[in-house]
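One-letter residues, chain by chain:
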Amino acid sequence: MVLACWGSEAPFGGGERVESIGAAETEREEGKGGGGGTMEMEMEMGGEDEDEEGRENTTQQNPGYTIMASIGVGLIGGGIFAKEQHLPAIIKCASLSLKAIYSRSLKSAQDTAALYTEPGPAPELYSGDSDKDRDYDALLRRDDVSAVIIALPIISQPEYIKRALAAGKHVLAEKPLAKDVQTGKELIAYYKDISSSSNATFAVAENFRFTPSFVRAAALARQLGAVTHFSVRSFGLMAQDTKWYGTEWRRKPEYQGGFLLDGGVHQAAATRLLLGADARPSTVSAATRQVQAHLPPIDTVNAVLETASGATGTFQLSCGSTLNTFDWDVACEKGSIKIRGETLTVTQDGKESVEKFERTTGVTEEVAAWAEGLVKGRPNELQSPEEALADLEFLEKMFVSGEQNGAVQKYEYQSW
């Protein structure tokens, strides 16, 4: 993936402004620039003459280019994903500068900050158990924090999103958009209302839309004509000794679907990406079950879908099965695509071509895409809250169908 930030003048929260005439592009070493041997844009930031270690001086190499100020960002959340994925992604993104970390407890914020070993000032810490001068609102009042990445429990997150937008901060919030479609619609309505008087933007982080194998597969599928059939099979077991199950809010969900919503929204997004706009889902009938006693309220869904274009397909998802599959098949008029893990196979005219990808979460790519959108002043459409609402509805209609013994449900928000 290439992160390109050409001549733009984009406003940022807190009165900052980033102006760019150009940017230098260099390949990063594997392991620093993300999985799959991808290439990202290396951008010079800050207004000082001294180079940061390991970076070229853009002004010297490219006369006439300006040095861009970095985008000050706050990381909201100190959980597993924030520590293991978002923090490294922020560090790898040259256009972002981590200014602050917030978590529910000071200890959690400290544990997260301990993983930040970059040169220069350490991020300042804020928490829910600190005084008012070190709470969430205090972080939002900082002029040098223009944007926040929010990774909090599903139930808690919408309120934090609203407060950040009200403070004029750009938001990248972890999926899913909300606990259900109604709450998601209310959050989008709030964003649209407040955006009339604020430049703050709202994006939702869905890393499967930026995973190289799915990006490539979707592009190839568009070249093979209309979708005619599809099959998705993603099975696995969320065991009680995993780190994810050890999180209380996941173990005792206060939202529909349990792990099927929290994790399954990835499969929903990937499926919708592969089908494309013309083959957006229109109806679904599903059966749902709770197979494992420790995975309430349900851990398995088997669904039959029809798309707006008339294609039919199946979507099978379980986090309570001893089966272990991660398979996508999409048949089109002129050929088919098949994904097995990190291997993509395209069949056309009786010939197969195979591409293998490095295993990557796609988080580095999604954070880079978000930062690019901020610099350009044009949010990435793949990260729009409307796309996230469609992912949420994709699953919710299945859950409702299962509750109603397979009654057919009609989708309403698969296109905007």
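Heads up: these notes are all about the structure in this document. (Residues numbered from 1 in each chain as written. Predicted model: local features only at pLDDT ≥ 70, side-chain atom pairs only at ≥ 80, totals over all residues. Heavy atoms only, no water.)

## Points about the nonpolar core
Ile150, Phe202, Leu395 and Met398 are the most contacted members of the largest nonpolar core, which has 78 residues in total. Sorting elements by how many residues they give to this core places helix H12 (residues 385-403) first, with seven residues. With residues up to four places along the chain from it excluded, the contact list for isoleucine 150 reads Ile76, Tyr136, Gln157, Tyr160, Ile161, Ala164, Val171, Leu172, Ala173 and Glu174. Grouped together as the second largest cluster of nonpolar side chains are 27 residues, Val73, Phe81, Leu87 and Leu374 included. (Core = buried A, V, L, I, M, F, W, Y, C linked by side-chain atoms within 4.5 Å. Buried < 20%, exposed > 50% of the residue type's maximum accessible area, 1.4 Å probe, protein only. Helix = DSSP H or I, 4+ residues; strand = E, 2+ residues; numbered from the N terminus. Contact = heavy atoms within 4.5 Å.)

## Quick look at the packing of aromatic side chains
Evaluated as defined, the whole model comprises 14 aromatic pairs. With centroids separated by 5.3 Å and ring planes inclined at 55°, the aromatic side chains of tyrosine 102 and tyrosine 136 adopt a geometry described as tilted. In this pair, tyrosine 102 sits in strand E4 (residues 96-103) while tyrosine 136 sits in helix H4 (residues 136-140), placing the two residues 34 residues apart along the sequence. Assessed through its relative accessible area of 2%, tyrosine 136 is described here as buried. Taken together, a centroid distance of 5.6 Å and an interplanar angle of 80° make the contact between tyrosine 191 and phenylalanine 202 edge-to-face. Of this pair, tyrosine 191 sits in helix H6 (residues 181-195) while phenylalanine 202 sits in strand E8 (residues 202-205), and the two are eleven residues apart along the sequence. The class for tyrosine 191 is buried, based on a relative accessible area of 14%. A connected cluster of aromatic rings, assembled from ring pairs, spans Phe208, Phe214, Phe326 and Trp328. Between the NZ or CZ atom of arginine 134 and the centre of the ring of tyrosine 126, over which it lies, the distance is 4.8 Å. The ring of tyrosine 160 is capped by arginine 163, whose NZ or CZ atom sits 5.4 Å from the centre of that ring. (Phe/Tyr/Trp six-rings, centres within 6.5 Å; stacked < 30°, edge-to-face > 60°. Lys NZ or Arg CZ within 6 Å of the ring centre and 35° of its normal.)

## Some thoughts on unusual backbone geometry
At the junction of lysine 175 and proline 176, the peptide bond is cis and its omega measures out at -15° in the coordinates. Examined against the element boundaries, proline 176 turns out to sit in the loop between strand E7 (170-174) and H6. Cis rather than trans, the peptide bond between proline 296 and proline 297 has omega equal to -5°. Relative to the helices and strands, proline 297 is located in the loop between strand E10 (281-289) and strand E11 (300-307). Here the phi dihedral of aspartate 349 falls at roughly 55°; this positive angle occurs in a residue that is not glycine. Here aspartate 349 lies in the loop between strand E15 (343-348) and strand E16 (351-356). The class of aspartate 349 is exposed, set by a relative accessible area of 70%. Within the chain, asparagine 405 stands out as a residue other than glycine whose phi angle is a positive 55°. Along the chain, asparagine 405 turns up in the loop between H12 and strand E17 (409-410).

## Quick word on the packing of helix H5 (residues 157-166) against H6
Where H5 meets H6, the axes come as close as 10 Å, and the angle between the chain directions of the two elements is 5°. By the angle class used here, H5 and H6 are roughly parallel. Contacts between H5 and H6 pair Pro158, Ile161, Lys162, Leu165 and Ala166 from the former with Thr183, Leu187, Tyr190, Tyr191 and Ile194 from the latter. Taken together, the residues that form the contact of H5 with H6 break down as eight nonpolar, one polar and one charged. (Axes fitted to C-alpha atoms, helices over the stretch in contact; angles between N-to-C directions. Parallel < 35°, antiparallel > 145°, perpendicular 65-115°, else oblique. Nonpolar A, V, L, I, M, F, W, Y, C, P; charged D, E, K, R; others polar.)

## Some remarks on H5
Within the sequence span of H5, burial applies to Gln157, Pro158, Tyr160, Ile161, Ala164 and Leu165. End-on view of H5: buried residues confined to an arc of 160°, all on one side of the axis. Residue glycine 168 follows H5 closely and has a positive phi angle near 85°. (Arc of directions from axis to C-beta.)

## Observations regarding the side chain of glutamate 393
Checked against the element boundaries, glutamate 393 lands in helix H12. The buried charged residue glutamate 393 lacks any salt bridge partner; its closest oppositely charged side chain belongs to lysine 397, at an N-O distance of 4.6 Å. If we ignore the near neighbours within four places in the chain, the residues touching glutamate 393 are Val181, Lys410, Tyr411, Glu412, Tyr413 and Gln414. (Lys, Arg positive; Asp, Glu negative; His and termini not counted. Salt bridge = Lys/Arg side-chain N within 4 Å of Asp/Glu carboxyl O.)

## Concerning the packing of helix H10 (residues 264-275) against H12
The interhelical angle for the contact between H10 and H12, taken along N-to-C directions, is 110°, at an axis separation of 9 Å. By the criterion of interaxial angle, the relationship of H10 to H12 is roughly perpendicular. Crossing hand, H10 versus H12: right-handed. Contacts between H10 and H12 involve Gly264, Val265, Ala268, Ala269, Thr271 and Arg272 from the former and Glu387, Ala390, Asp391, Phe394 and Leu395 from the latter. Looking at the contact of H10 with H12 residue by residue, the class counts come to six nonpolar, two polar and three charged. (Left-handed = near helix turned anticlockwise from the far one by under 90°.)

All we've got here are geometric facts, nothing functional implied.
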